[in-house]
Amino acid sequence: MRVMHVLNELRHSGAETMLVAASDAWSSRGIESTVVEVSVCPGPYGPVFEESGWRVQRLPLMQRRKLADRLFELIADYHPDVVHAHSEWSAVAVAVAARRAHVPVLRTVHHIFLWDGSERLKATGRRLISRRLGVLHATNSLPNQINELEAFHNPTILIGNWIALPAVHESEHVPSNSGEFQIISIGACSEYKNHDEILRAVALCKSIGMDIKYLHIGGENELTVQEKSLAADLEISSEVEFLSNVRDITAPLRQSSILVQPSREEGFGVAIAEAIASGIPVLLSDRPAHNGVFESQDGVIWCSPTAHSIAAHLQEYFLRKSDNPPRTRRNAERFLGTVSAELGAARYAYVYAYLARGRGGKDVRGRLSNIQAIWEGNSEYSDLKDAVERS
């Protein structure tokens, strides 16, 4: 079976790392994977896909109508059994191209879009057009699934994100400097990631004498320049280290005291899952989808997405962390079992197989109901089957 994935610029972000992590699991099931990158220039993560056995193709940014034509040419040339769309911007173009080629489409909505007004209307229209073209939609968290249905009237199936990071022994989780409190955030700069509030929180912590270090990991863009300027204005440049994409985040996580991700909104949070699976405490904003995905996990501290709240919780944790026993490896491994690449890849493989059979036609609600046949008699997928039945 051939599956063609369509993404924006290939960067070191959640969707890309998950796809690469699933490479072996899909290959063992006879799935040949190719990725089409739609971007101004090649992204830095393309070579990682190629090293993992993927075929990488690139299309420049263009008007959506022209993009649909070019995608149709690629689909006609590659003959995929399924096209998997991952981008909000190009979703309709992918649906149009695949429909012309008579190839089924699965669209994963990775982010929880809290739009209103005209943006909500446009997004609702894009999803309506896609469904009428036969696209089946998926989301990665229950809050995201609820948001898609309530905000955009878009029924979806639920397949959670996954990671490939092995659990870390609790004895290995030791900050690099016992006298230094190092926090870490993982992810490219964007407004919803709220890095500016982390920087202000670091400045507040420094003002009361905390020996704090902030390790900022993520691909650089125009917002990174603004964040570096803010760090200079706050006089914390020496406390903040900006690193570009780090392929293996195991070492930075192990050397940090706590992961800080106070996003205003989030789809799932792969970096958060990686930290929890490694036994690293995390400080999260009490926002969708954080509070719907990680609320029952050990080692999670909740805050508001503001500098004062972040700083207050960091100070509290800094003062009491020596009194708290570390999370056990058993807890980390238990969580890892729920976000394994093998499990997530298997679920998508079943959906690909269903779509490739050509059943369901353009009736998306029919697909949501009938897809349960894939999991009949298989208790491992009973929760996904139940979610489909409720949609």
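It should be noted that the structure appears before, not after, this text.
Residues numbered from 1 in each chain as written. Predicted model: local features only at pLDDT ≥ 70, side-chain atom pairs only at ≥ 80, totals over all residues. Heavy atoms only, no water.

Chemist: Teacher, can you tell me more about the overall build of the chain here?
Modeler: On a plain count of helices and strands, the chain comes out with 17 helices and 13 strands. Burial statistics for the chain: of 391 residues in total, 55% are counted as buried. Relative to all contacts within the chain whose residues are 6 or more apart in sequence, the contacts with residues 24 or more apart total 70%. When the accessible surface of the chain is totalled, it reaches about 16,800 Å², and 49% of it is carbon and sulfur. (Helix = DSSP H or I, 4+ residues; strand = E, 2+ residues; numbered from the N terminus. Buried < 20%, exposed > 50% of the residue type's maximum accessible area, 1.4 Å probe, protein only. Contact = heavy atoms within 4.5 Å. Areas by Shrake-Rupley, 256 points an atom, 1.4 Å probe, with all protein chains shown as cover.)

Chemist: Looking at this model, I keep getting lost on unusual backbone geometry. Mind explaining?
Modeler: Glycine aside, residues mostly have negative phi, and peptide bonds are mostly found in the trans state. For H102, which is not a glycine, the phi torsion comes out positive at approximately 60°. Secondary-structure assignment places H102 in the loop between α5 (91–100) and β5 (105–109). The class for H102 is exposed, based on a relative accessible area of 71%. Of note, E235 is a non-glycine position whose phi angle comes to about 60°, a positive value.

Chemist: Help me out: how do you make sense of the nonpolar core in this one?
Modeler: Soluble globular proteins: nonpolar side chains tend toward being buried together. Of all hydrophobic cores here, the largest spans 55 residues; its most connected members are W26, F49, L106, V282, F294, Y348 and Y352. Ignoring sequence-local partners within four residues, the contact set of Y352 consists of M1, V3, H5, W26, I31, V82, H84 and L106. Ranked by size, the runner-up nonpolar core spans 25 residues in total, among them F181, V240, C303 and I310. (Core = buried A, V, L, I, M, F, W, Y, C linked by side-chain atoms within 4.5 Å.)

Chemist: Honestly, a nonpolar patch on the surface in this entry has me stumped. Any pointers?
Modeler: Residues V40, L61 and W89 make up a contiguous nonpolar surface patch of roughly 290 Å² in combined accessible area. In this structure, V40 sits in the loop between β2 (32–38) and α3 (46–51). (Patch = residues over 30% accessible without salt bridge, like charges linked within 9 Å, V, L, I, M, F, W, Y side chains within 5 Å. Salt bridge = Lys/Arg side-chain N within 4 Å of Asp/Glu carboxyl O.)

Chemist: Any chance you could explain the packing of helix α4 (residues 64–78) against α5 here in plain terms?
Modeler: How two helices sit against one another is set out by the angle between their axes and by the gap between those axes. At a minimum axis separation of 8 Å, α4 and α5 run at an interaxial angle of 40°. Relative to α5, the element α4 is oriented oblique. Considering how the two elements wind past one another, α4 and α5 form a crossing that is right-handed. Of the residues in α5, those in contact with R64, L67, A68, D69, L71, F72 and I75 of α4 are A93, V94, V96, A97, A98 and R100. Tallied by class, residues from the contact of α4 with α5 come to ten nonpolar, no polar and three charged. (Axes fitted to C-alpha atoms, helices over the stretch in contact; angles between N-to-C directions. Parallel < 35°, antiparallel > 145°, perpendicular 65-115°, else oblique. Left-handed = near helix turned anticlockwise from the far one by under 90°. Nonpolar A, V, L, I, M, F, W, Y, C, P; charged D, E, K, R; others polar.)

Chemist: Where do I start with the sheet that holds β5 in this structure?
Modeler: Strands pair in a sheet through their backbones, by hydrogen bonds, and they do so in one of two ways: parallel or antiparallel. On the basis of which strands lie adjacent, the open sheet formed by seven strands has the order β3-β2-β1-β4-β5-β6-β7 and parallel pairing. The open sheet has two edge strands, β3 (55–59) and β7 (157–158), and neither has a second partner. (Pairing = 2+ DSSP bridges.)

Chemist: What is the right way to read the packing of aromatic side chains from this model?
Modeler: Within a pair of aromatic rings, the relevant descriptors are the distance that separates the centres and the angle that separates the planes. Inspection of the entire model under this criterion finds eleven aromatic pairs. For the pair F49 and W54, a centre-to-centre distance of 5.0 Å together with 80° between the ring planes defines the contact as edge-to-face. This pair shows no difference in class: F49 is buried, exactly as W54 is. Through pairs of rings, three or more aromatic residues link up here, namely W26, Y45, F49, W54, W162, Y348 and Y352. Above the plane of the ring of F72 lies R100, whose end atom (NZ or CZ) is 4.0 Å from the centre. Against the face of F152 rests R127, its NZ or CZ located 4.5 Å from the ring centre. (Phe/Tyr/Trp six-rings, centres within 6.5 Å; stacked < 30°, edge-to-face > 60°. Lys NZ or Arg CZ within 6 Å of the ring centre and 35° of its normal.)

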